[in-house]
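Remarks on the overall topology
Spelled out, the chains give:
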Amino acid sequence: MIKSYKIADTAFAIDSLYEEVHELCKEYQCDEPIEFTIKTTKSDIDYERQRSAQTDVKEGHPIRDFPDSYLETLSVYRHLCERLIDKGILLFHGSVIAEDGVAYLFTAKSGTGKSTHTRLWREHFGERAVMINDDKPLLKIADSGVTVYGTPYDGKHRISTNTSAPLKAICMLYRGEENQIRQVTKSEAYPMLLQQTHRPMNGAKMQTVFTLLDKMCEHLKIYHLDCNMDPDAAIIAYQGMNTEESK
């Protein structure tokens, strides 16, 4: 089955074996001329199953058995992200929220509380705050700046919107007893940024990823936030990323 979609200003088609990926992406359907088609095969699904099992073993968890239809959704996004690298677009793991049309991305190790923190923003700012994506947004890195896009791949809470916004800052989230934020250097942030970015197997594409990350660091300020998940954490984070003294 073949249907067309538009994600991160890129129109493409998905030629799938199962319906699940089309149900997942239904809010992004389009009827525009497509740039390319992603066609999945059984070997793509087997590859995703192998990667999932390797991750479970590495993290010390029992190996999970996912249905082929779900694994196909992962394969489609992997193929899409590989294609988008050449357009200056990176998959970045994090929770992104826009306040008054300006986006902030919170990234952290799994289980740290990214989704909880952006929920605090929504509770504090109300209608001024809009979730763009709660798990796997796409970042377009250009000479003029960085734009973040919502995607249908939005985590277990399924929180996202088919929108985009200029990205102002990336905040690395850590658990702490007190809420405090500080700006960090590129060298301090780089290991986390690289870890949270999709890293292709192709060497040439990986070199492009390095180039894009370098450009991204030229445009954005990057912060380290220790937080205890009290409501004040959202206020301190916002103020810290909007203070002229943060150099």
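Here's a quick rundown of the structure. Fair warning: this is a prediction, and the values are worked out from it, not measured in the lab.

**Some words on the overall build of the protein chain**
For the protein chain, the helix and strand inventory stands at 7 helices and 12 strands. A compact globule built from 247 residues should have a C-alpha radius of gyration of about 18 Å, and the protein chain, at 18 Å, falls within 12% of that. Summarising its shape, the C-alpha atoms of the protein chain cover approximately 50 × 45 × 35 Å along the three principal directions. Here the protein chain, with 247 residues, has 48% of them falling under the buried criterion. Contacts in the protein chain between residues at least 24 apart in sequence constitute 68% of all its contacts with a sequence separation of at least 6.

**What about the pattern of salt bridges?**
This model, assessed by the stated rule, comprises 18 salt bridges. D15 is paired through a salt bridge with K39; the nearest N and O atoms lie 3.3 Å apart. Pair noted here: D15 is in strand β2 (residues 10-15) and K39 is in strand β3 (residues 37-39), with a separation of 24 residues, a long-range link. We classify D15 as buried; its relative accessible area is 14%. Residue classification places K39 among the exposed positions, given a relative accessible area of 55%. By sharing partners, the salt bridges in this structure join E99, D100 and R128 into a single network.

**As for the side chain of T151**
With respect to the helices and strands, the residue T151 is situated in the loop between β9 (145-149) and β10 (164-175). Of the residues examined, T151 reaches a relative accessible area of 0% and is grouped as buried. A distance of 3.0 Å separates a polar atom in the side chain of T151 from the backbone oxygen of K136.

Rules behind the numbers
Residues numbered from 1 in each chain as written. Predicted model: local features only at pLDDT ≥ 70, side-chain atom pairs only at ≥ 80, totals over all residues. Heavy atoms only, no water. Helix = DSSP H or I, 4+ residues; strand = E, 2+ residues; numbered from the N terminus. Rg over C-alpha atoms; globule rule 2.2 N^0.38 Å. Buried < 20%, exposed > 50% of the residue type's maximum accessible area, 1.4 Å probe, protein only. Contact = heavy atoms within 4.5 Å. Salt bridge = Lys/Arg side-chain N within 4 Å of Asp/Glu carboxyl O. Polar contact = N/O pair within 3.5 Å; in protein donor to acceptor, adjacent residues only side chain to side chain.

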